[in-house]
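Architecture at a glance
The residues making up each chain are set out below.
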Amino acid sequence: MIYAALAALWIVFSDAAVEMLAGGPAMLSRMQTWKGWFFVVCTALLLAGLLWREYGRLMAHQRELERLTRLYAVLSQVNQAIVREKDRERLFQGICRIAVEFGAFRLAFVAEAAGESGGLRLLAWAGTGAAAPPLAPGDGCPAAEVVASGEPWIIRDLRLASSAPWIDAALAQGCRSLAAVPVMVRDSAAVAIAFCSGEPDFFREQEASLVREIALDVGFALEAMERRELHVRAEEALRASLRQKDILLREVHHRVKNNLQLVQSLLNLQGLRYENATDRTMLSESLERVQTMGRAHDVLSRSGDVTRVCLRTYIRELAQALSRRHDPEGRVRLEIFQDDAVLGLDQAVPCGLLAGELIANALRHAFPGDRSGTLRVDFRREGDRAVFGVRDDGVGLPARLDPEQSDSLGLVLVQALSEQLGGRPRWDRERGTGFELVFDLTPIEPARLAGAPAACPSSF
């Protein structure tokens, strides 16, 4: 619009001036021609200037777009490295390599404060030259200032900065502008990331913002790594504590088993002093009950989990030991359930004592003389309840004997142990003697150590 106004004024006033200055028609014609050429030349120069200015702006926008594209590529690759890398040093080295490869930076490095002694420690770097980055504390070194202050530093043109050894070293490597930003972890500068470009005035507002965003993402990654390391250390400490407790529990069970063996030895010595056969029998029965309790602790001390008892192993070893004592000829065939059954110590011991009483009574009384038969022990889970049973095909209970009202010590113990487990026993007199008890299972804690052997191994 300004050009149009000036052109109109030129046309109006230049014609009048030409007529006043022309001495004749020939001179007027030549002056009109010169005026026209002058107007054309001025217009062409003006248009050329406008086109050059627009071309410069376009090229500047294109260069800025290229810079932003490179920085966005660096940001994208850094985020991929954050997801991929779990090691702090490898992550830093990857960031420097990405900055040089995708951002076309002359130099990139990561540094941290070198403890209380001051100075910087280089953690990772990459660049187009063979020389390591200059890390001289003091003299306005951006990396050192960033670590100390926690604020980003931008130097648009290193050639215009005050002379310093680190600047001379950076210029020697082809660096013209520099951006150093802190990586914040829990509100403190953990490390400094520096990017050096071969272009002056590279780090403008948008470029500097993207560099700060890269540092922010790296800070989140470092916090996540620290949390992961703390979690791993806490888990290892917990595992070590659990191992110590398991070792202690295993030792406790071992000592309890040894103490019960000592009690057995004392009872054996006491039995040698009894001349009455009845007294010896009663003492022998008490000895078997002590052995039954000791066997539970023996199974626990040998199992992979010292908080739970494999009932299958416990009952099988108990039945075999009683069979060797009361049925050395092997006339009675033992059948023990095969399903894995795991109980806590508070239920396994009374269940074992109950099985011991019933198995011993059956071996002593159900198969008199040379009579042979089968003795079966069952255990199965039904939801949150357990069904425990012992059945033999022997002579059966006497017709006048009521097991729930008997004053026999063995049957009294069976009734008491059933009540301790929280169930009511059921007796079956058909084809021998059958016993069944249904009781609620007590929740037990799972195996506490990953990879610990199972409480019930697959074979014995």
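Everything here concerns the structure above.
Residues numbered from 1 in each chain as written. Predicted model: local features only at pLDDT ≥ 70, side-chain atom pairs only at ≥ 80, totals over all residues. Heavy atoms only, no water.

Details of the overall build of the protein chain
- Across its full length, the protein chain holds ten helices and twelve strands.
- Looking at the protein chain as a whole, 40% of its 460 residues are labelled buried.
- Within the protein chain, contacts between residues separated by at least 24 positions form 65% of all contacts whose residues are at least 6 apart in sequence.
- Accessible surface, the protein chain as shown: approximately 25800 Å² in total, 57% of it carbon and sulfur. (Helix = DSSP H or I, 4+ residues; strand = E, 2+ residues; numbered from the N terminus. Buried < 20%, exposed > 50% of the residue type's maximum accessible area, 1.4 Å probe, protein only. Contact = heavy atoms within 4.5 Å. Areas by Shrake-Rupley, 256 points an atom, 1.4 Å probe, with all protein chains shown as cover.)

Observations concerning unusual backbone geometry
- With a phi angle near 65°, Asp187 is a residue other than glycine that sits in the positive phi range.
- Secondary-structure assignment places Asp187 in the loop between strand S4 (177–185) and strand S5 (188–197).
- In this structure Asp187 comes out as exposed when scored by relative accessible area, which is 76%.
- Unlike most non-glycine residues, Asp201 shows phi in positive territory, near 55°.
- Mapped onto the elements, Asp201 comes out in the loop between S5 and helix H6 (205–272).

A word on the sheet that holds strand S9 (residues 373–382)
- Read from one edge of the open sheet, five strands run S7-S9-S10-S12-S11, paired in mixed fashion. Since the sheet does not close on itself, it has two edges, and those belong to strand S7 (332–336) and strand S11 (426–428), each with one partner. In this sheet, adjacent strand axes meet at a mean angle of 10° when their direction is disregarded.
- Sheet topology note: the strand S10 (residues 385–392)/strand S12 (residues 433–440) ladder contains eight bridges and is antiparallel. Of the residues in S12, the one forming a bridge with Phe388 is Leu437.
- On top of the sheet, helix H8 (residues 311–326) reaches S7 and S9; it is set at about 170° to S7, its chief contact.
- Seen against the sheet, helix H10 (residues 409–421) touches S11 and S12 and runs at an angle of roughly 25° to S12. (Pairing = 2+ DSSP bridges. Axes fitted to C-alpha atoms, helices over the stretch in contact; angles between N-to-C directions.)

As for the environment of Gly94
- Mapped onto the elements, Gly94 comes out in helix H3 (residues 88–103).
- The class for Gly94 is buried, based on a relative accessible area of 13%.
- Sequence separation between Gly94 and Gln77 is 17 residues; the distance between their C-alpha atoms is 9.2 Å.

Brief notes about the sheet that holds strand S1 (residues 107–113)
- Read from one edge to the other, the open sheet built from five strands follows the order S2-S1-S5-S4-S3, with strand pairing classed as antiparallel. Because the sheet does not close on itself, it has two edges, and the strands there are strand S2 (120–127) and strand S3 (153–155). On average, adjacent strands in this sheet sit at an angle of 15° to one another, irrespective of strand direction.
- Here S4 runs beside S5; their pairing, made up of nine bridges, is antiparallel. For Leu178, the partnering residue across the bridge sits in S5 and is Cys196.
- Sheet contacts for H3: S1, S2 and S5; angle to S2, the most-contacted strand, approximately 40°.

Re H10
- When the terminal C-alpha atoms of H10 are compared, their 18 Å separation across 13 residues agrees well with the 18 Å that a helix rising 1.5 Å per residue should span.
- Those residues of H10 that fall on the buried side of the exposure criterion are Gly410, Leu411, Val414, Gln415, Leu417, Ser418 and Leu421. All buried residues of H10 lie within an arc of 165° about the axis, which places them on one face of the element. Projecting away from the buried face of H10 at angles above 90 degrees are the exposed residues Glu419 and Gln420.
- Gly422 sits one or two residues past H10 and shows a positive phi near 85°. (Expected span 1.5 Å × (residues − 1). Arc of directions from axis to C-beta.)

So, the packing of helix H9 (residues 345–366) against H10
- At a closest axis distance of 9 Å, the pairing of H9 and H10 adopts a crossing angle of 155°. If you check the angle between H9 and H10, you find them roughly antiparallel. The two elements H9 and H10 meet at a crossing, and its hand is left-handed. Facing Gln347, Pro350, Cys351, Leu353, Leu354, Glu357 and Leu358 of H9, the residues of H10 in contact are Gly410, Leu413, Val414, Leu417, Ser418, Gln420 and Leu421.
- Of the residues in the contact of H9 with H10, the class split is nine nonpolar, four polar and one charged. (Parallel < 35°, antiparallel > 145°, perpendicular 65-115°, else oblique. Left-handed = near helix turned anticlockwise from the far one by under 90°. Nonpolar A, V, L, I, M, F, W, Y, C, P; charged D, E, K, R; others polar.)

A short note on helix H4 (residues 142–149)
- Every buried residue of H4 is listed here: Pro142, Ala143, Ala144, Val146 and Val147.
- Residues of H4 that are buried make contact with S1, S2, S3, helix H5 (165–172), S4 and S5.
- Gly150, located one to two residues past H4, shows a positive phi value of around 75°.

Focus: the packing of aromatic side chains
- One pass over the full model with this rule turns up seven aromatic pairs.
- Arranged with centres 5.1 Å apart and planes meeting at 10°, the rings of Phe105 and Phe195 form a pair that is stacked. Taken together, the residues span a long stretch of sequence, with Phe105 in the loop between H3 and S1 and Phe195 in strand S5 at a distance of 90 residues.
- Taking 6.4 Å as the distance between ring centres and 50° as the angle between the ring planes, the aromatic pair formed by Phe379 and Phe439 counts as tilted. A residue pair is termed long-range when its members are at least 10 positions apart, and Phe379 in strand S9 and Phe439 in strand S12 qualify at 60 residues. For the pair shown, Phe379 and Phe439 are each scored as buried.
- Here the aromatic cluster, defined as three or more aromatic residues joined through ring pairs, consists of Phe105, Phe195, Phe202 and Phe203.
- Above the plane of the ring of Phe202 lies Arg67, whose end atom (NZ or CZ) is 5.8 Å from the centre. (Phe/Tyr/Trp six-rings, centres within 6.5 Å; stacked < 30°, edge-to-face > 60°. Lys NZ or Arg CZ within 6 Å of the ring centre and 35° of its normal.)

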